Amino acid sequence: MKDYIKINPADNVAVAINPLKCGQKVDVDGQSFSLVADIPAGHKFALKDISEGENVVKYGFPIGHARHDISLGAFLDDHDIKTNLAGQLDYSDVKRKPVEKCHCEGGERTFKGYLRANGEAGVRNEIWVIPTVGCVNGIVKQIVDRLNAETGAEGVDGIFGFPHNYGCSQLGDDHENTKKILRDMVHHPNAGGILVVGLGCENNQPKVFEEYCGDYDRERVKFMVCQEVEGNEVEYGLDILRKLYENARKDTRTELPASKLRIGLKCGGSDGFSGITANPLLGEFSDFLCDCQGGTTVLTEVPEMFGAETILMQRCADDHLLDQTVTLINDFKEYFLSHGEPVGENPSPGNKAGGISTLEEKALGCTQKSGKSEVKGVLAYGERISNHGLNLLSAPGNDLVASTALAAAGCQIVLFTTGRGTPFGTFVPTAKISTNSGLAKRKPAWIDFNAGVLVEDADMKEVAVRFIDFVLAVASGEKVNSEKAGIHEIAIFKNGVTL
């Protein structure tokens with residue numbers, strides 16, 4: 001196993017795989033030199049003298065420029081590199097490029113899922129109770145707790161409530177965002193039965209929201225308005241939920257083609273290995289699912305595309321999608337600027353401690369989760385998937401907000417890469433893929449798959465085969481660690497005022 005890696009021939013930095021000591025001799029591309037500082041694992045060191053203002057290059061692209069002169073063998077972090085990012089761009093010089101489809105082997109793959117009446121597939125058969133407004137969160141909890149105590153969720157994959165703070169005292173886009181996410185949950189195939197609980201006087205009026213949901217499955221989804229219930233609303237709601245539960249217990253898993261899978265791609269708590277191990281592994285999976293199986297993946301975290309957005313633009317299937325991607329990027333930049341925030345301010349303290357210095361560096365690693373497939377769809381926040389293949393979704397980088405948006409778009413599973421670790425899970429199975437083996441060993445109750453072996457001489461193709469089998473097993477019912485821990489949460493994007 002190597003102690004360091006130069007990712008792209010054009011790079012002027014390398015990444016330490018293991019901690020390196022000051023004075024240690026290294027040999028890169030036939031050039032031998034001594035390090036002039038200690039280099040922590042996942043962090044960068046200079047492969048040449050880099051002048052102040054000169055671009056620092058990693059993954060073959062600039063990740064910013066040097067704040068000062070940097071010596072050969074020196075350590076580089078966010079104190080040494082400054083972002084090149086600015087505000088909105090017109091991208092008029094960006095042109096689409098031909099995309100080579102991945103080579104497919106092994107034929108059509110399948111999983112055991114739940115085929116719904118509208119033809120969509122669920123990978124879970126759960127009972128959900130969804131509040132239209134935060135005022136009824138307590139009622140929702142009582143109903144869920146009572147049914148769990150009565151049944152132990154026997155015969156279904158779980159009984160869950162999804163409290164949130166919204167549904168009232170909201171205006172404009174915030175109000176629409178709440179309605180969209182809750183509507184998308186009503187239509188999600190991972191639920192075998194859904195009870196929507198409203199109060200009655202909220203901005204998100206239950207009757208109006210029911211109409212907003214459109215053509216929903218009336219056998220599977222029921223509504224209750226607490227202020228309209230005579231007597232005890234918990235007992236009334238529990239009676240409805242019991243019937244939904246008994247109906248859902250009749251659902252069975254059947255063999256379904258992998259083309260019915262819609263998988264969300266997300267990263268968080270990244271480190272210097274994210275763009276070397278876990279994110280490229282998700283890219284391999286995305287190409288397999290989209291190009292070889294006719295399935296769908298969705299990439300989000302728009303701020304974490306800044307600096308690598310032209311790579312995605314060049315892969316758009318047509319000019320209309322390219323224009324939509326330009327709008328996706330510039331609209332999110334305007335969101336930052338309208339709040340007086342710099343476009344390039346994103347890497348968290350954990351990201352920086354893990355070896356990521358600028359937003360461009362994170363973006364160039366982040367976008368590798370999308371593989372090399374064509375972009376076939378661009379989705380607004382709260383919009384559901386309509387095109388097979390790779391889609392881009394408007395949502396922020398915040399882990400739970402973005403993962404909720406992926407699930408709301410119709411993804412049955414979210415694949416979440418991390419170099420720092422996190423226990424959270426959204427309302428669909430949220431699988432954690434570690435970028436390094438140390439994290440997988442320290443947090444076995446958080447991490448579901450270790451991609452860190454990819455810097456330990458493991459072959460990408462062999463690891464990808466294991467990873468594909470893992471995802472199909474999760475789709476067939478194998479629980480991920482956040483599910484085992486009982487973690488099921490939602491978070492809705494908020495931008496405006498609260499009344």
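This text follows the structure it describes.
In short, a report on the structure.

Cut-offs and rules
- Residues numbered from 1 in each chain as written.
- Predicted model: local features only at pLDDT ≥ 70, side-chain atom pairs only at ≥ 80, totals over all residues.
- Heavy atoms only, no water.
- Helix = DSSP H or I, 4+ residues; strand = E, 2+ residues; numbered from the N terminus.
- Rg over C-alpha atoms; globule rule 2.2 N^0.38 Å.
- Buried < 20%, exposed > 50% of the residue type's maximum accessible area, 1.4 Å probe, protein only.
- Contact = heavy atoms within 4.5 Å.
- Areas by Shrake-Rupley, 256 points an atom, 1.4 Å probe, with all protein chains shown as cover.
- Lys, Arg positive; Asp, Glu negative; His and termini not counted.
- Charge placed at Lys NZ, Arg CZ, Asp CG, Glu CD.
- Expected span 1.5 Å × (residues − 1).
- Pairing = 2+ DSSP bridges.
- Axes fitted to C-alpha atoms, helices over the stretch in contact; angles between N-to-C directions.
- 1 Å grid on protein atoms, 1.4 Å probe; cavity = no way out; pocket = protein on both sides within 12 Å on 5 of 7 lines; lining within 4 Å.
- Points joined across faces, edges and corners; volume = space filled by probe spheres on them.
- Nonpolar A, V, L, I, M, F, W, Y, C, P; charged D, E, K, R; others polar.
- Core = buried A, V, L, I, M, F, W, Y, C linked by side-chain atoms within 4.5 Å.
- Salt bridge = Lys/Arg side-chain N within 4 Å of Asp/Glu carboxyl O.
- Parallel < 35°, antiparallel > 145°, perpendicular 65-115°, else oblique.
- Left-handed = near helix turned anticlockwise from the far one by under 90°.

## Structural notes on the overall build of the protein
- Each helix and strand counted, the protein has 13 helices and 23 strands in total.
- What you see for the protein is a C-alpha radius of gyration of 24 Å, in line with the 23 Å of a compact globule of 499 residues.
- Referenced to the eigenvectors of the C-alpha coordinate spread, the extents of the protein come out at roughly 80 × 45 × 40 Å.
- When the 499 residues of the protein are sorted by exposure, 57% land in the buried category.
- Excluding contacts between residues fewer than 6 apart, the proportion of contacts in the protein whose partners are at least 24 apart in sequence is 72%.
- Accessible surface for the protein amounts to roughly 19,700 Å². Of this, 48% is attributable to carbon and sulfur atoms.
- In the protein, 52 positive and 69 negative side-chain charges are present, and the distance between their average locations comes to 3 Å.

## A few points about helix α7 (residues 319–338)
- Here α7 contains 20 residues, and its C-alpha end-to-end distance of 28 Å stays within 8% of the 28 Å for a straight helix at 1.5 Å per residue.
- The complete set of buried residues in α7 reads L321, L322, T325, V326, L328, I329, N330, F332, K333 and F336.
- Each element contacted by the buried residues of α7 is listed here: α6 (309–314), β19 (375–379) and β20 (389–393).
- Among the residues trailing α7, G340 stands out with phi positive, at a value near 75°.

## Considering the environment of Q24
- Within the element layout of this structure, Q24 appears in the loop between β2 (13–16) and β3 (25–28).
- Through-space distance from the C-alpha of Q24 to that of Q324 is 49 Å; in sequence the pair is 300 residues apart.
- Aside from chain neighbours lying at most four places away, what touches Q24 is D3, F33, S34 and L35.

## A look at the sheet that holds strand β9 (residues 81–82)
- Spatially, the three strands line up as an open sheet ordered β6-β7-β9, and their pairing is antiparallel. Taken across any chain shown, the strands that pair with only one partner, and hence form the sheet edges, are β6 (55–58) and β9.
- Relative to strand β7 (residues 61–66), β6 runs antiparallel, the two sharing three bridges. Note on β7: the bridge partner recorded for V57 is P62.
- Each of β6 and β7 touches helix α9 (residues 359–366); the most contacted strand, β7, lies at about 165° to it.

## Description of the layout of surface pockets
- Roughly 1,500 Å³ of volume is contained in the largest pocket.
- With seven residues, helix α5 (residues 278–292) is the largest single contributor of residues to the lining of the largest pocket.
- Here the lining of the largest pocket is built from residues that sort into 22 nonpolar, nine polar and 14 charged.
- One number sums up the size of the second largest pocket: a volume of about 490 Å³.
- Taken together, 19 residues make up the lining of the second largest pocket; nearest its centre are D331, A380, Y381, S394 and F493.
- Counting only elements with at least two residues in the lining of the second largest pocket, the list comes to α2 (172–186), α7 and β19.
- When residues of the lining of the second largest pocket are assigned to their parent elements, the largest contribution, six residues, is made by α7.
- Grouping the amino acids of the lining of the second largest pocket by side-chain chemistry returns nine nonpolar, five polar and five charged.

## Structural notes on helix α12 (residues 460–475)
- For α12, with 16 residues, the first-to-last C-alpha span of 22 Å sits near the 22 Å given by 1.5 Å per residue.
- Of the residues making up α12, those classed as buried are V463, A464, F467, I468, F470, V471, L472, V474 and A475.
- Where α12 is buried, its residues meet β10 (110–115), β17 (262–267), α5, β21 (413–418), β22 (430–434) and β23 (449–450).
- Trailing α12 by a residue or two, G477 shows a phi angle of about 125°, which is positive.

## So, the side chain of T277
- Along the polypeptide, T277 turns up in the loop between β17 and α5.
- When residues no more than four places from it in sequence are discounted, the contact partners of T277 are T435, A451, L454, V455 and M460.

## Thoughts on the nonpolar core
- If you look at the biggest cluster of nonpolar residues, it comprises 97 residues, and the most contacted ones within it are W128, L261, F285, L415, F427 and F467.
- With residues up to four places along the chain from it excluded, the contact list for F427 reads E126, W128, F162, M185, H188, T404, A407, A408, E489 and I490.
- Judged by nonpolar contacts, the second largest core, of 25 residues, contains I143, L147, C226 and L241.

## What to know about the pattern of salt bridges
- Across all of its chains, the model carries 26 salt bridges by this definition.
- The residue K141 makes a salt bridge to D145 at a minimum N-O spacing of 2.6 Å. With K141 and D145 both in helix α1 (residues 137–151), this residue pair falls four residues apart, about one helical turn.
- With relative accessibility at 39%, the residue D145 sits in the partly exposed group.
- The residue D239 makes a salt bridge to K243 at a minimum N-O spacing of 3.5 Å. In this pair, D239 and K243 are both assigned in helix α4 (residues 233–248), four residues apart and thus about one turn of the helix distant.
- Take D239: its relative accessible area is 36%, and that puts it in the partly exposed class.

## Remarks on the packing of α1 against α4
- Following both chains from N to C, one finds α1 and α4 inclined at 50°, their axes separated by 9 Å at the closest point. Between α1 and α4, the angle is such that the two are oblique. Regarding α1 and α4, the two cross each other, and that crossing is right-handed. The residues of α4 that touch α1, namely those facing I139, Q142, I143, R146, L147, E150 and T151, are E233, V234, E235, G237, L238, L241, R242 and Y245.
- Taken together, the residues that form the contact of α1 with α4 break down as seven nonpolar, three polar and five charged.

## Some thoughts on empty space enclosed by the protein
- Counted under the stated rule, the structure contains one cavity of 30 Å³ or more.
- Considering only enclosed or pocket space, the largest cavity measures out at about 60 Å³ in volume.
- Lining the largest cavity are 14 residues, with D271, S274, G275, I356 and G365 positioned closest to its centre.
- For the lining of the largest cavity, the leading source of residues is α9, giving four residues.
- Taken together, the residues that form the lining of the largest cavity break down as four nonpolar, six polar and four charged.

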